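# Observations on chain architecture
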Amino acid sequence: MLGVIGGTGLSQIKGFEPAGYNHVATPFCETKIEVELLQHRGCKIAFLRRHGGKHTIPPHKVNYQANIWALHKLGVDKIVGVNAVGSINEKLVPGCLAVPDQIIDYTHGRAATYFEETLKTVVHIDFTRPFAETLRLALLDSANITNVKSSDNRLVMNGGVYGCTQGPRLETAAEVNKYKRDGCDLLGMTAMPEAVLARELQIDYALLALSVNWAAGQFEGEISMDDISKVVGNSKDFVTDLLRALVEKYGEC
Ligand code: HPA
């Protein structure tokens, strides 16, 4: 089954029928993880709200271990992580999307592995290519289909380096310059450790990143939450249409 982890701006997926809720116990917290089941043309998906039902959990406090574990327990074998990001690459004008192919992890203090206990042998998983290529290509194809249907013609960048920052604050201009020199195209706060935990449980994982602002210092002025909300508002339908297109063409029902 396909799982979708929705972040800022994706608390509902329009056009899917509700098919109930699961509250999944995990070894990582006392509270159960809420996963909504949604259905489209007979195909079920599992939808998890990364920041909680009321959008109150900040990026550094998300229980990534519990979230990925819960999806795995429900039989999810592919995850699309939807992320709001800030753009460094000048092609990625806010409102555009990207399906990155690399990550640099700048986070700290997050529980980033399931292999924490003393094991018979230490496990080092391969993470050369952090995203599942088949799922990445399916997302790009679904984005093209949605562009044609909506005649929006949004740029959907194939590839790019996602720099994962700690948050919840946005970056300083100097930090963004450093991330730019490192080769980052876009910055978000939640792809790590989500991507690596999925890899450890052998779940295919890919990111759909929606640019909602220019990263700090890449334009005159400051980043305003109002401007971000406007971009999110104008892009929500495109993202949900894309997810429907993905399920229509690639869903295993
Ligand atoms: N930086 C990091 N994360 C973000 C940004 C940003 O500018 N915008 C949305 N998420």
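Residues numbered from 1 in each chain as written. Predicted model: local features only at pLDDT ≥ 70, side-chain atom pairs only at ≥ 80, totals over all residues. Heavy atoms only, no water.

## Concerning the site of the ligand
Defined as follows: Any residue with at least one heavy atom within 4 Å of a molecule or strand is counted as near it. The definition of a polar contact used here is a pair of N or O atoms within 3.5 Å, where within protein one atom must be able to donate a hydrogen and the other to accept one, and adjacent residues in sequence count solely through side-chain atom pairs. Note that accessible areas follow from Shrake-Rupley with a 1.4 Å probe, and for residues the cover is restricted to the protein chains shown. Each helix corresponds to a stretch of at least 4 residues labelled H or I by DSSP, and each strand to a stretch of at least 2 residues labelled E; elements are numbered beginning at the N terminus.
Near the ligand the following residues occur: Ala-84, Val-85, Gly-86, Thr-165, Leu-170, Glu-171, Leu-187, Gly-188, Met-189, Val-212 and Asn-213. A distance of 3.3 Å is found between a nitrogen atom of the ligand and a backbone nitrogen or oxygen belonging to Ala-84. Take Asn-213: an N or O atom from its side chain is 2.7 Å from a nitrogen atom of the ligand. Relative to its unbound accessible surface of 260 Å², the ligand loses 92% to contact with the protein. Breaking the shell around the ligand down by element, the ones donating at least two residues are strand E5 (78-87), strand E10 (186-188) and strand E11 (204-214). Here the element with the most residues in the shell around the ligand is E5; it accounts for 3 residues.

## With respect to the pairing of strand E3 (residues 29-40)
Looking down a regular strand, the side chains alternate between one sheet face and the other. This is how the line gets drawn: By the convention used here, strands pair only if DSSP detects at least 2 bridges between them.
Note: strand E2 (residues 17-26) against E3, 7 bridges, orientation antiparallel. Directly across from Asn-22, in E3, lies its bridge partner Val-35. Between E2 and E3, which pair antiparallel one after the other, the connecting turn spans 2 residues. Relative to strand E4 (residues 43-49), E3 is paired through 6 bridges, and the arrangement is antiparallel. The partner of Glu-36 across the bridge, within E4, is Phe-47. Taking the residues that link successive antiparallel strands as the turn, the E3-E4 hairpin has 2 residues, and the phi of Arg-41 there is positive, at about 45 degrees.

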